[in-house]
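Next come the chains, spelled out residue by residue.
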Amino acid sequence: MKISKRISRIEASPTLAITSKAKKMKSEGLDVISFGAGEPDFDTPSLVKESIKKALDEGFTKYTPATGTLRLKELVCEKFKKDNGLDYLPENVVISCGAKHSIFNIILTLIDSDDEVLIPDPYWVSYPEMVKLAGGKPISVKCHEENGFRLTAEEISCKITSRTKLLIINSPCNPTGAVYKKEDLEKIAELCVKKNIIVISDEIYEKIIYSPATHVSIASLNEDIFKQTIVVNGCSKSYSMTGLRIGYIAGPVEVVKGISKLQSHSTSNPVSIIMRGLENSFWVDDEINKMRQAFEKRRDYIVNRLGDIPGITCNIPEGAFYVFPNIKELGLGSFEFAEKILKEKNVAVVPGKAFGVDENIRLSYASDEETIKRGLDRIEEFAKELSK
């Protein structure tokens, strides 16, 4: 059976593939330590779980409006006002089946054949594949390690052509943990307004950020960039609800109307009872803070350990729960490194090439401290063997 060209030109998610392979090895009885998973190891907040159970018991299992309930949209507007200083109405909001679904909807709604989308490199693995599916052309824009992997207006300017339509910003960033400073965003916003470039601001890791870094949404800087920005968020990462698949966007009404048409013909509405869960996720700040504090402690440990391993250097991430260490001095490309360490030491890492950079690997520290320690012991042993 012949597969369509649009599917043939995209790659499967390497992060999910690594996680799946590690789980298979574990099921075969091997002592595998995985740094691959992009999901918190904490439980979903109890208030969220109870609200989902209650919705199920009350029979809230029928169709809702395709773009989500009015009550949830109103709460999303309140969240944007309180956390980000952004003024939206329910008509500016779409609830979708996760932030990934939200971004896919935006790209499919906005991008025509041969439109160019600027993507920071390193990038989340799904961004370029989504652009390809829409018939557009992903254009990588280099984020330099010495600049904390943050995109600059200067680098963007070099990539702009007459076909440039969209820029994606991800702060805090997967895979690097980079957090954009206000002054970075101001220069980028000025350029995008001048060149009439639409911005997708992917803020899914917003709540997982470490002092003194602070989260700034590019949409909050001024009215001009606000009108050109579509903000994406959700609860998968910050609220440990990865499997529940709920996310949301806010942006210009004309874009929302287009996404609404698309979603009505694809998923219909997001899962009704999970929307009730999202309604209550906005009130669990104490649990989020505890999770963030635990991640910060793990981050400090893993960065210090990696920094002591010969041949490895590592930036300090300011957000999310990933480190993106540089392994070029060890003499292996990232795929070869990942394959070899999994085979020889039963440690799963994600090759940086999956994110556009072959000199790095990504490690998630969304695991308990003892597991992280044992995994780092093996990485250190592996690195020393390569250096002999």
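Whatever comes next refers back to the structure up there.
Residues numbered from 1 in each chain as written. Predicted model: local features only at pLDDT ≥ 70, side-chain atom pairs only at ≥ 80, totals over all residues. Heavy atoms only, no water.

1. A few points about unusual backbone geometry
As a reminder, the rule being used: In DSSP terms, a helix is any run of H or I states spanning at least four residues, a strand is any run of E spanning at least two, and both are numbered starting from the N terminus. Buried means the residue's accessible area, taken with a 1.4 Å probe over protein chains only, is under 20% of the maximum for its type, while exposed means over 50%, and partly exposed covers the values in between.
Across the junction of Ser171 and Pro172, the peptide omega takes the value -10°, indicating a cis bond. Residue position: Pro172 is located in the loop between strand S5 (164-170) and helix H8 (182-195). Cis rather than trans, the peptide bond between Ser211 and Pro212 has omega equal to 10°. Along the chain, Pro212 turns up in the loop between strand S6 (198-202) and helix H9 (223-227). Here Ser240, not a glycine, exhibits a phi torsion of approximately 55°, which is positive. Examined against the element boundaries, Ser240 turns out to sit in the loop between strand S7 (229-234) and strand S8 (247-250). Ser240 gets classed as buried once you look at its relative accessible area, which sits at 7%. The phi angle at Asn346 is positive, at roughly 55°, despite the residue not being glycine. If you trace the backbone, Asn346 turns up in the loop between helix H13 (334-345) and strand S10 (347-348).

2. Overview of the packing of aromatic side chains
Put simply, the test is: Stacked, edge-to-face and tilted labels apply to pairs of Phe, Tyr and Trp rings (six-membered ring for Trp) whose centres lie within 6.5 Å, assigned for plane angles under 30 degrees, over 60, and everything in between, in that order.
Taken as a whole and judged by the stated rule, the model has 14 aromatic pairs. For the pair Phe321 and Tyr322, a centre-to-centre distance of 4.9 Å together with 50° between the ring planes defines the contact as tilted. Neither Phe321 nor Tyr322 differs from the other in exposure class; each is buried. Ring-pair connections join several aromatic residues into one group, and the members of that group are Phe42, Tyr205, Phe295, Phe321, Tyr322 and Tyr365.

3. Comments concerning the pairing of strand S2 (residues 93-96)
Selection criterion: When DSSP finds at least two bridges between two strands, those strands are taken to pair.
Neither face of S2 is open: one carries Val93 and Ile95, the other Val94 and Ser96, and all of them are buried. Of the pairings in the sheet, the one linking S2 to S8 comprises four bridges and is antiparallel in character. By the bridge assignment, Ser96 is partnered in S8 with Gly247.

4. A few points about the sheet that holds strand S12 (residues 361-364)
Strand order in the open sheet made by the three strands is S9-S12-S11, with antiparallel pairing throughout. This sheet does not close on itself; its edge strands, each paired only once, are strand S9 (322-323) and strand S11 (350-351). With two bridges joining them, S11 and S12 adopt antiparallel strand pairing. Each residue of the ladder has a partner; that of Pro351, found in S12, is Ile361.

5. Focus: a positive patch on the surface
For the record, the criterion: Like charges within 9 Å and nonpolar side chains (Val, Leu, Ile, Met, Phe, Trp, Tyr) within 5 Å are joined into patches, using only residues over 30% in relative accessible area that form no salt bridge. For accessible areas, the Shrake-Rupley method is used with a probe of radius 1.4 Å. Any residue's cover is judged against the shown protein chains and nothing else. Salt bridges are identified by distance alone: a Lys or Arg side-chain nitrogen within 4 Å of an Asp or Glu carboxyl oxygen. Think of it this way: Lys and Arg go in the positive column, Asp and Glu in the negative one, and His and the chain ends go nowhere. A single reference atom marks each charge: NZ on Lys, CZ on Arg, CG on Asp, CD on Glu.
A cluster of like positive charges, contributed by Lys2, Lys5, Arg6 and Arg9, occupies part of the molecular surface. Looking at the element boundaries, Arg9 is found in the loop between helix H1 (5-8) and helix H2 (14-27). Here Arg9 falls in the partly exposed class, since its relative accessible area comes to 41%.

6. Looking at the packing of helix H5 (residues 99-110) against helix H10 (residues 253-264)
Convention followed: Axes here refer to lines fitted to C-alpha atoms; in helices the fit is confined to the stretch in contact. Angles between the N-to-C directions go from 0 to 180 degrees. Angles below 35 degrees are treated as roughly parallel, those above 145 as roughly antiparallel, those between 65 and 115 as roughly perpendicular, and all remaining angles as oblique. Here, residues are in contact when the closest pair of their heavy atoms is within 4.5 Å.
In contact at an axis separation of 9 Å, H5 and H10 are set at 110° when each is read in the N-to-C sense. Taken together, the axes of H5 and H10 are roughly perpendicular relative to one another. On H10, the residues that touch His101, Asn105, Ile106, Leu108, Thr109 and Leu110 of H5 are Val255, Gly258, Ile259, Leu262 and Gln263.

7. As for H13
Test applied: The span you would expect from a helix comes to 1.5 Å times its residue count less one. It is the directions from the helix axis to the C-beta atoms that the arc portrays.
Taking 1.5 Å as the rise per residue, H13 with 12 residues should run 16 Å; its terminal C-alpha atoms sit 16 Å apart, in good agreement. Within the span of H13, buried status applies to Ser334, Phe337, Ala338, Ile341, Leu342 and Lys345. One side of H13 carries all its buried residues, which in axial view fall inside an arc of 120°. Residues of H13 that are exposed and point over 90 degrees away from its buried face: Glu339 and Lys343. Buried-residue contacts for H13 involve H2, S10, S11, S12 and helix H14 (369-387).

8. Concerning H14
Where we set the bar: We define a polar contact as two N or O atoms separated by no more than 3.5 Å, with the added condition that, inside protein, one atom must be a possible hydrogen donor and the other a possible acceptor, whereas residues neighbouring each other in sequence contribute only through side-chain atom pairs.
Spanning 19 residues, H14 covers 27 Å between terminal C-alpha atoms, matching the ideal 27 Å at 1.5 Å per step. For H14, the set of buried residues is Thr371, Ile372, Gly375, Leu376, Arg378, Ile379, Phe382 and Ala383. Viewed end-on, H14 has its buried residues packed into an arc of 160°, placing them on one side of the element. Residues of H14 that are buried sit in contact with strand S1 (33-34), helix H12 (285-307), H13, S10 and S12. Where H14 begins, the capping side chain belongs to Asp368, and its oxygen is found 3.2 Å from the backbone nitrogen of Glu370.

9. Remarks on the nonpolar core
Stated formally: Take the buried residues of types Ala, Val, Leu, Ile, Met, Phe, Trp, Tyr and Cys, join any two whose side-chain atoms come within 4.5 Å, and each joined set is a nonpolar core.
If you look at the biggest cluster of nonpolar residues, it comprises 75 residues, and the most contacted ones within it are Phe35, Ile107, Ile302, Phe337, Val349, Leu363 and Ile379. Apart from the residues within four sequence positions on either side, Leu363 is in contact with Phe35, Ile302, Phe321, Tyr322, Val323, Pro325, Val349, Leu376 and Ile379.

10. Some remarks on the pairing of S7
In terms of residue burial, S7 counts as a mostly covered element, since six of its six residues are buried. Here S7 shows no split at all, with Thr229, Val231 and Asn233 on one side and Ile230, Val232 and Gly234 on the other all buried. Pairing geometry for S7 and S8, over four bridges, is antiparallel. Note that in S8 the partner of Val231 across the bridge is Ala250.

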